[in-house]
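Observations on the three-dimensional arrangement
As a plain string of letters, each chain reads:
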Amino acid sequence: MRRIWFLLITLLSTTLVSASPAQALPPTVAEIYNPAKIVRFDLTMSADSIASLNNQNTLENYVAVKLSMSVDKKTSGLLDVKVRLKGSTSLQKLDETPSFKIKFPDGPFNLGYQGLKKLTLNAMTQDGSKLHEYGAYALFNAVGVPAPRTGWARVYVNGVDKGLYVNVETPDLSFTAKKFRDITQHIYEGAGSDFWTGSDWGDKNTGQYEVDYGWKATPNKSDLRNLIAFASIADQKAWYSNLTYALDRSELIKFMAVENFLGHWDGYSGPDKNNYFIRSNTNGIFSFIPWGTDQTFGENRATAQVGDGFDMPMLSETSAHPWSGPMTKGMLYVKCIRYTNCKNAYLTALKTVAAKAKSMDLAGKLNKAAILIEPALQGKFWNTPGGWKVMDDIHTEQARTITWLNTRIGQVSSLLIANGMKP
């Protein structure tokens with residue numbers, strides 16, 4: 001019923017935002033997430049909103065803003081939204097190069113933008129190539145892991161050009177209604193969290209797993225507690241067999257294969273066990289949703305040197321990350337590669353991922369994207385955690401990213417042969 005209600009809301013809201021024949025039509029959601037276009041985002045803010053977003057104590061609080069989105073002579077017109085700044089190590093004030101969370105008004109008569117309730121605009125300050133999130137989510141989706149769509153945004157604040165952003169689809173109810181055929185019970189956000197016994201503590205906004213959706217209808221974490229119980233089974237055979245009572249095991253294995261292929265050390269199956277979402281249906285069966293893929297494709301964020309690399313091993317219980325020595329990777333991943341049946345399924349998935357990256361010409365897509373976004377990057381300077389970067393630095397990282405991808409495909413073949421499998 002909730003899925004039917006969502007589809008009706010989407011249809012109605014699409015009608016409500018349509019312009020009269022004499023006006024420019026609004027861009028569709030598909031056009032906003034079209035990676036072949038750059039959409040102009042204009043944010044109009046009051047002095048009070050600007051002051052709040054430039055205050056270190058309040059910049060993560062939502063403020064009232066007017067938003068306009070334009071592409072191909074289509075415009076949304078001025079929309080009332082709320083905006084806050086986002087990030088952890090990448091968090092910057094408004095007068096710097098911040099990333100944005102945009103929220104459309106909620107409620108029975110505020111239907112969002114054509115059913116879309118939230119937007120995430122990432123400034124890519126931790127991605128020297130400006131291609132990683134686009135390429136990573138494209139690969140996740142290509143192999144059947146439910147992942148965000150991406151588009152490109154040229155962001156202006158009160159007419160001041162803030163530069164190029166990647167517009168990443170937010171994993172919310174709008175997202176899950178498109179990606180899943182069943183009803184969503186909860187969406188949890190994992191941030192440095194793993195499925196250890198006792199990790200289900202807290203309410204909607206507290207604990208190791210905060211609830212992004214579903215607390216109002218189901219104000220408990222019983223589904224998460226059940227997942228943790230099955231994840232913690234000690235016997236390997238029983239663990240692997242019984243996982244299907246708590247999660248989509250095939251999807252999990254593909255999810256981990258893509259994370260490791262991409263070298264996503266800041267994701268679940270990396271040493272940080274950090275950026276990911278988990279979504280449960282009303283039967284308590286979970287699926288994993290990738291997130292935070294800016295630090296992928298082998299870029300070494302720990303140095304100011306441009307073009308140097310960092311490789312996360314694809315078949316290892318531990319991995320360093322750019323700032324530290326070896327750390328244990330995500331628990332489900334570690335238990336998987338310890339058990340022969342799961343390890344073989346993972347290696348088979350890794351083979352599929354590498355083959356898909358090659359058959360979809362992901363390297364070619366990255367090159368085309370680099371050409372598309374070049375004009376929006378020209379003349380810009382970036383104050384990144386590794387120091388100031390210029391256009392030549394981006395060209396170097398883009399070339400390194402594409403070379404790394406082609407090398408990674410070959411590394412998968414070598415790994416399969418080393419484990420007695422046909423590449």
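Residues numbered from 1 in each chain as written. Predicted model: local features only at pLDDT ≥ 70, side-chain atom pairs only at ≥ 80, totals over all residues. Heavy atoms only, no water.

1. Quick notes on the overall build of the chain
- Secondary structure summary: the chain contains 12 helices and 16 strands in total.
- For 423 residues, the compact-globule estimate of 2.2 N^0.38 gives 22 Å, and the C-alpha radius of gyration of the chain, at 21 Å, lies within 12% of that figure.
- Along the first, second and third principal axes, the C-alpha atoms of the chain reach 65 × 50 × 40 Å.
- Buried positions account for 53% of the 423 residues belonging to the chain. (Helix = DSSP H or I, 4+ residues; strand = E, 2+ residues; numbered from the N terminus. Rg over C-alpha atoms; globule rule 2.2 N^0.38 Å. Buried < 20%, exposed > 50% of the residue type's maximum accessible area, 1.4 Å probe, protein only.)

2. Section: the sheet that holds strand E11 (residues 276–281)
- In spatial order, the strands read E10-E9-E11-E12; together these 4 strands make up an open sheet with antiparallel pairing. With partners counted over all chains shown, the strands left at the sheet margins are strand E10 (209–213) and strand E12 (286–290), one partner each. Pairwise comparison of adjacent strand axes, ignoring direction, gives a mean angle of 30° for this sheet.
- Bridge count for strand E9 (residues 184–190) against E11 is 6 bridges, and the pairing is antiparallel. Bridge pairing in E11 places Gly190 opposite Tyr276.
- Running at roughly 65° to E9, helix H6 (residues 222–231) makes contact with E9, E10, E11 and E12 of the sheet. (Pairing = 2+ DSSP bridges. Axes fitted to C-alpha atoms, helices over the stretch in contact; angles between N-to-C directions. Contact = heavy atoms within 4.5 Å.)

3. Side note on the side chain of Ser49
- Looking at the secondary structure, you find Ser49 in helix H3 (residues 47–53).
- On the accessibility criterion, Ser49 (6% relative accessible area) is buried.
- Separated by 3.0 Å, the side chain of Ser49 and the backbone oxygen of Ala64 make a polar contact.
- Ignoring any residue separated from it by four or fewer positions in sequence, one finds Ser49 in contact with Val63 and Ala64. (Polar contact = N/O pair within 3.5 Å; in protein donor to acceptor, adjacent residues only side chain to side chain.)

4. Some details on the pattern of salt bridges
- Overall, the coordinates contain 11 salt bridges when judged by the stated rule.
- Between Glu169 and Arg149 there is a salt bridge whose closest N-O contact spans 3.1 Å. Here Glu169 is found in the loop between strand E8 (160–168) and helix H5 (173–179), whereas its partner Arg149 is found in the loop between helix H4 (132–142) and strand E7 (150–157), with 20 residues between them in sequence.
- Judged by its relative accessible area of 25%, Arg149 falls in the partly exposed class.
- The partner of Arg279 in a salt bridge is Asp182, and the shortest N-O contact between them spans 2.7 Å. A residue pair is termed long-range when its members are at least 10 positions apart, and Arg279 in strand E11 and Asp182 in the loop between H5 and E9 qualify at 97 residues.
- On the basis of relative accessible area, Arg279 is assigned to the buried category, the value being 1%. (Salt bridge = Lys/Arg side-chain N within 4 Å of Asp/Glu carboxyl O.)

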